[in-house]
Every structure is written in C-alpha cells, then in structure tokens.
Amino acid sequence: MSDNTDLESRVVAAIRRYRQALELAENLERERACAQRALSSILLDLKRALRGEVAPHLNNSLFEIGSAAVARSDKTRDALVEATARLDSARLTLAALQQQLGYLPKVPRGADHMLG
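Residues numbered from 1 in each chain as written. Predicted model: local features only at pLDDT ≥ 70, side-chain atom pairs only at ≥ 80, totals over all residues. Heavy atoms only, no water.

**Notes on helix α2 (residues 59-101)**
Because an α-helix packs 3.6 residues into every turn, residues spaced three or four apart end up facing the same way. With 43 residues, α2 extends 62 Å between its outermost C-alpha atoms, agreeing within 8% with the 63 Å of an ideal straight helix rising 1.5 Å per residue. Along α2, the residues classified as buried are Leu 62, Gly 66, Ala 69, Ser 73, Thr 76, Leu 80, Ala 83, Leu 87, Ala 90, Leu 94, Leu 97 and Leu 101. Note on α2: the residue one or two positions beyond its end, Gly 102, has a positive phi of about 95°. (Helix = DSSP H or I, 4+ residues; strand = E, 2+ residues; numbered from the N terminus. Expected span 1.5 Å × (residues − 1). Buried < 20%, exposed > 50% of the residue type's maximum accessible area, 1.4 Å probe, protein only.)

Rendered as structure tokens:
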C-alpha cells in the first residue's frame, strides 16, 4: 500500500508540473503572438520609410524599433521552444506514471499554486 501511496504522490507532483508547464507555454504563445503582431506592424512602417514616405528624421528610430521587435520576437520564440520541450517532457512523465498507477488522481487547481 505504501508503494501505491508513493506512486500516487509522484503522479500528483507530475500533474502539477504538467499544469505549470502548460500555463507557461500558453503565456509564451500569447507573448509570441503579440511580438509577431508588433513585428508585422513595424515592418510596414519600415517599408514606408524605405520608399521615402516617412520623414527622414524618423528613419533611425524606426530601424531601432524594428531591431528591438526582431529581438523580442526571437527571444519569445526561443523561450516558447524551451517551454514546449518542458511541456512534452512533463506530458510523457505523467503518461508513464499514470500507466503505472492505473488512474489519474484528482488534483484541485488551487493546490497547484499553493504548493509550487
């Protein structure tokens, strides 16, 4: 019975890790979408600047903003790739433990934030 209790507590911990990884991935996906919209917007402004449709004194600012938008997009993409790998690892661990235990114990959502 002790083995089953230990296994169940490991499954509960795996569920919490999975939920945390999922929450992080979802937040980063929203951040990536926002960064992508900002990048698309600045690209339109840069295109107008290159065609001379923007006051020349704004060109440097636009290029600096564009560079920052690209850096933000790249950073967010890299973080999302890492978070997705963590989520996949958490999913595989949880699936293996569930198979050993034979069921998934109920874990209230509020408990995820209280116990970290």
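**A word on the confidence of the model for the protein**
Per-residue pLDDT for the protein averages 91, and the proportion of residues at 70 or more is 94%. Across the protein, the secondary-structure element scoring lowest on mean pLDDT is helix α3 (residues 109-115), at 61, and the one scoring highest is α2, at 95. (pLDDT = per-residue confidence, 0-100.)

**Topic: the pattern of salt bridges**
This model, assessed by the stated rule, comprises eight salt bridges. With a closest N to O distance of 2.8 Å, Arg 32 and Glu 29 form a salt bridge. Placement of the pair is Arg 32 and Glu 29 together in helix α1 (residues 2-50), with a separation of three residues, close to one helical turn. Linked through salt bridges whose partners overlap, the residues forming this network are Asp 74, Arg 77 and Asp 78. (Salt bridge = Lys/Arg side-chain N within 4 Å of Asp/Glu carboxyl O.)

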